[in-house]
Amino acid sequence: MGRMTFVIQRLLMLVPVAVGVTIVVFFMIHLIPGDPARTILGIHATPQRIAILHKQWGLDRPLVSQYWLFMDRLLHGNLGQSLYYGTSAGAVIFERIPPTLWLIVYSAVLAVIISVPLATIAATRKDAVRDHVVRAVPLIGLGMPPFWVGILLVYALAIKVRAFPVSGYGTGFLGHVHAMFLPALTVAIALAPVVIRALRASMLNVLGAEYITTARSKGVPPSRLFLRHVLRNAVIPAVTVLGINIGFLIGGTVIIENIFAIPGIGQLMINSIFQRDFPVVQGVTLVFGVLVVLVNLLADLSYAALDPRVRFDR
Amino acid sequence: MRGGDLVIARTADSQSMNATTVFDNESIWIFEQIYQTLYTVTSDGKSVRPLLATGYKVSPDNKTYTFTLRPGVEFSNGKPMTSADVKFSIDQNRKAAQGWGYIDTAIKSVEAPTPSTVVIHLKYPWAPLLADLSLFANGIVPNNYGGETASEFYKHPIGTGPFKWGYWHKGSALKLLRNTHYWEKGKPYLNSVTWTNVGNDNTRELQLKGGQAQIDEFPAWSTVSSLKSTAGVNMHLFNSTRTDYLAFNELRKPFQDVHVRRAISLAINRSALVKAVLFGNGEPANSFMPPQVPFYQKSTPGLQYDLAAAKAEMAKSSVPHGFTTTILIAAGTSDARTIATILQSELKPLGIKLNIKQEDPNTAFSDEQNLKYDMTLTYWTMDIADPDELVTFSVDPKSGAKSFFTAYDNPQVVKDAHLAERTLSTSKRQELYNYMQDHAASDAFMAFLYYSPYAYATTSNVHGFFVTPLGNYHVEDVWLSK
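Residues numbered from 1 in each chain as written. Chains lettered and ligands numbered in written order. Predicted model: local features only at pLDDT ≥ 70, side-chain atom pairs only at ≥ 80, totals over all residues.

A.B. asks: Describe the overall build of chain A, and please don't skip the residues or the numbers.
C.D. replies: Scanning chain A from N- to C-terminus turns up 15 helices and zero strands. Counting over 314 residues, chain A shows a buried share of 38%. Long-range contacts, defined as pairs at least 24 residues apart, comprise 72% of the intrachain contacts of chain A with a sequence gap of at least 6. (Helix = DSSP H or I, 4+ residues; strand = E, 2+ residues; numbered from the N terminus. Buried ≥ 20, exposed ≤ 12 C-beta atoms within 10 Å, placed from the backbone. Contact = placed C-beta atoms within 7 Å.)

Structure representation (structure tokens):
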């Protein structure tokens, strides 16, 4: 099977995933108690006002008919109107995706920057003091709740030193790099221990392989040996671990978004559930589903980029 | 110093800029900087003063008001404001059945006989008219939305206020810019004002300390004391009309029994609640009307903590040995959880076993409004400088709110509430409101818990920031020093 066929097949898998997600989410959000009209009207909700809004939003129709209307709109690329904001749900959602993607990608990059040198330090001297230190110390990061790590970083680097803003998303590319450093570092600190352990274990396996001994005996310089032979082969399991964790992160950044006031999709999801903003909840979930499938696809494709022996056969 | 961008870190996002249909404060406090009304509330929250009108004359039958408009007022697009704009704006609000239209129900018609004169005909004499016209929903927008549809217009609204539309990144930030056509000479002082959404209390405080925001909206009560002593920070506690209540559902037994309601009211130590929830920053409530409302009666005998009297009331009730009941609260609100836990222990001596039921806020709200609860916690803040809206909402079971969703029904109180609307004599109105407050307190249709202030923390370079008891603030008065 060629790479293109593999990619197309995986992309086609998005269709059942998306349909499944829409069915589950649509009926779950509509079946739980609560009413978006009451969110909008607050203490001023009266049966008359609620009825006017229900009619305006089509919520007075049978549930199945509402679902077909949602699917019909979706097939035309329309996620409907946000009940809370009264504007396009798609526009509300897509405005919130970039901050979350920034956070995830930036965190992954920082996690790699932290993990590769530390795993190398540990693997190249197995069972030495530095190996034990590298294996133990990052676990503290894993054990500490991210909201606490985040606050500590803010106190140290934003309030005391004032090197970074306390929170926010920033404007422009460099503004994002600057403003998102502390939240991304917070996530990376939680992510790095898992990646370090996976990378260290696979490095130890590779270092014991015969082709490494052969390469050494041929006089390959240590730096070249490490980069071309050890790291490239050892990184594949770590990519898998990172990919899975990023999948979790897509839906799990809400706490970091809350602490750092990042206007991301996790915050939007939580607020929309509380407000019973059905079209936005449905849209965000759909985006989550698609992103998770795409991240896994990217992880699979990266195997082949890293290791030419990997084929796309089933 | 003139200029600068003021950043206000707020708890939640706005919903819409359509002043006639939205009820959330986070929208109201923004569009009050854009749209202005004929009259506006005074800084003590108890009266009104002219804004876009300079004065009015009333007919002998008190049913026709002729307003003179302030000369030289322009919209932010440079076009002059005329009576046609005023007529259109008030008529739009009257049509807003799902919104604030009810506030204008006494209005029969609006006329614009000359560009600087507006005539309002009433169906009957209506005491709260000026207060009603001061409500943001009667804010003036261009006639016919300047040729746009309502939905297009409200995406970038235009008004006569000190600020004009900048941008709104939903969920993130909303920015308004100085209106260079503003009629009040020299104002506003700021170039712009930005409201950022920072839901986390701690993050808002850190933004203030880190200089990223100049105003922290509603810091947590637990931090008020430390913020008071933080260098570079001014902690403000503005008088507010917020009143918190414990509501009883009179459709459920045994809350039809006045003795039960009185017993519970008497068993609540309000000072303890103020200490535990507000960290001392509040006052026990004695009336369902807050002190910052006109016609509030200081001597209203709202029931206060008296355990012996509470036990005596229980003994006279239909359940002298107590009963089991439930308090419904919204999950995730720590204040509600604290109050419910205190009530659990305070009602024990009366033989009342109180279960706490937590639901997600939307569900809890639905259940409260559908009267699917035994007891619940609720609150009120005033929208207008007249008690009429609160009183009708609270004591009229036939109003949309079914007596604050309690089903309380005292026919004499209901009658007086509507009589007070049409009584123009201030002294006669005071008498009527005194009677209503006395009887509402005696009937204990809700336990009036406490009055709390509006808490805002600002950096020390912010000047002129003031919040009225109704929650409004005038950003045109704010300036930043270096």
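A.B. asks: Report on the nonpolar core, specifying residues and quantitative values.
C.D. replies: Looking at soluble globular proteins, one finds that nonpolar side chains tend to be buried together. If you look at the biggest cluster of nonpolar residues, it comprises 195 residues, and the most contacted ones within it are Ala111(A), Ala188(A), Val195(A), Leu199(A), Met446(B) and Ala447(B). Per-element accounting of this core gives the leading share, 16 residues, to helix α10 (residues 181-207) of chain A. Contacts of Ala111(A), omitting those with residues within four sequence positions, involve Ala188(A), Leu191(A), Ala192(A), Val195(A) and Leu242(A). Counting 21 residues, the second largest nonpolar core, distinct from the first, contains Ala37(A), Tyr84(A), Ile265(A) and Leu268(A). (Core = buried A, V, L, I, M, F, W, Y, C linked by C-beta atoms within 7 Å.)

A.B. asks: Can you lay out the interface of chain B and chain A for me, pointing to particular residues and giving the numbers?
C.D. replies: At the interface, 30 residues of chain B touch 39 residues of chain A. Ranked by residues supplied to the side of chain B that touches chain A, first place goes to helix α11 (residues 361-369) of chain B with six residues. Its residues assigned to classes, the side of chain B that touches chain A shows six nonpolar, 20 polar and four charged. (Nonpolar A, V, L, I, M, F, W, Y, C, P; charged D, E, K, R; others polar.)

A.B. asks: Tell me what's going on with the sheet that holds strand β6 (residues 107-114) of chain B, and back it up with residues and numbers.
C.D. replies: Residue and element names in this part refer to chain B. Sheet architecture is open: four strands sit in the order β4-β5-β7-β6, paired in antiparallel fashion. Since the sheet does not close on itself, it has two edges, and those belong to β4 (53-58) and β6, each with one partner. Mean inter-strand twist for the sheet, computed between neighbouring axes without regard to direction, equals 20 degrees. In this structure, strand β5 (residues 64-69) lies alongside strand β7 (residues 117-122), joined through five bridges in antiparallel fashion. Among the inter-strand pairings, Thr-66 is bridged to a residue of β7, identified as Val-119. Against the sheet, helix α2 (residues 83-95) engages β5, β6 and β7, with an angle of about 165 degrees to β6. (Pairing = 2+ DSSP bridges. Axes fitted to C-alpha atoms, helices over the stretch in contact; angles between N-to-C directions.)

A.B. asks: Residue-level account of the environment of Gly45(B), with values.
C.D. replies: All names here are of chain B. Residue position: Gly-45 is located in the loop between β2 (39-41) and β3 (48-50). Gly-45 sits 194 residues away from Asn-239 along the chain, and the two C-alpha atoms are 9.2 Å apart. Sequence-distant contacts of Gly-45, that is, excluding residues within four places in its chain, are made with Thr-241, Gln-292, Ala-385, Thr-468, Pro-469 and Leu-470.

A.B. asks: Give me the lowdown on α11(B), citing residues and values where you can.
C.D. replies: Within α11(B), seven of the nine residues are buried, which leaves it mostly tucked inside the rest of the structure. Within α11(B) the residues assigned to the buried category are Asn362(B), Thr363(B), Ala364(B), Phe365(B), Ser366(B), Glu368(B) and Gln369(B). Looking at the buried positions of α11(B), the neighbouring elements they touch are α3 (36-41) and α14 (265-275) of chain A together with β14 (323-330), β15 (352-359), β16 (375-380) and α13 (402-407) of chain B. A positive phi of about 55 degrees marks Leu371(B), the residue just after α11(B).

A.B. asks: How would you summarise the pairing of strand β8 (residues 163-169) of chain B if you had to cite specific residues and measurements?
C.D. replies: Residues and elements named next belong to chain B. Summarising the sheet, β8 and strand β9 (residues 173-178) pair through six bridges and their orientation is antiparallel. Following the sheet pairing, His-169 is matched in β9 by Ala-173. Count of turn residues in the β8/β9 antiparallel hairpin: three residues, of which Gly-171 carries a positive phi of about 85 degrees.

A.B. asks: Which residues make up the pairing of β4(B), and what are the values?
C.D. replies: Residues and elements named next belong to chain B. Relative to β5, β4 runs antiparallel, the two being bridged by five bridges. By the bridge assignment for β5, Gly-55 is matched with Thr-68. Taking the residues between adjacent antiparallel strands as the criterion, β4 and β5 are bridged by five residues, where Asn-62 takes a positive phi near 60 degrees.

A.B. asks: So what about the packing of helix α6 (residues 89-123) of chain A against α10(A)? Which residues, and what values?
C.D. replies: Residues and elements named next belong to chain A. Running from N to C, α6 and α10 point in directions that differ by 40 degrees, and their axes come no closer than 6 Å. The orientation of α6 relative to α10 falls into the category oblique. In the packing of α6 onto α10, the handedness of the crossing is right-handed. (Parallel < 35°, antiparallel > 145°, perpendicular 65-115°, else oblique. Left-handed = near helix turned anticlockwise from the far one by under 90°.)

A.B. asks: Can you tell me about the packing of helix α14 (residues 411-421) of chain B against helix α15 (residues 426-443) of chain B, naming the residues and giving the values?
C.D. replies: Residues and elements named next belong to chain B. Viewed as axis vectors pointing N to C, α14 and α15 meet at an angle of 155 degrees, and their least axial separation amounts to 9 Å. In terms of axis orientation, α14 runs roughly antiparallel to α15. The handedness of the crossing between α14 and α15 is left-handed. When α14 is examined against α15, the residues Val-413, Asp-416, Ala-417, Leu-419 and Ala-420 are found in contact with a partner set consisting of Arg-429, Leu-432, Tyr-433, Tyr-435, Met-436, His-439 and Ala-440. Its residues placed into classes, the contact of α14 with α15 shows nine nonpolar, one polar and two charged.

A.B. asks: Any chance you could break down the environment of Val478(B) for me, citing the residues and the numbers?
C.D. replies: Residue and element names in this part refer to chain B. Within the secondary structure layout, Val-478 lies in the loop between β18 (462-463) and β19 (479-480). Of the residues examined, Val-478 has 24 C-beta atoms within 10 Å and is grouped as buried. With 13 residues separating them in the primary sequence, Val-478 and Phe-465 have C-alpha atoms 5.3 Å apart. Among all residues touching Val-478, those that are not within four sequence positions of it are Leu-6, Tyr-189, Leu-190, Val-462, His-463, Gly-464 and Phe-465.

A.B. asks: How would you explain the confidence of the model for chain A if you had to name every residue and give the values?
C.D. replies: The predicted model of chain A has a mean per-residue pLDDT of 86, with 97% of residues at 70 or higher. Of all helices and strands in chain A, the one with the weakest mean pLDDT is helix α12 (residues 222-252) of chain A (79), whereas helix α9 (residues 172-179) of chain A scores best (94). (pLDDT = per-residue confidence, 0-100.)

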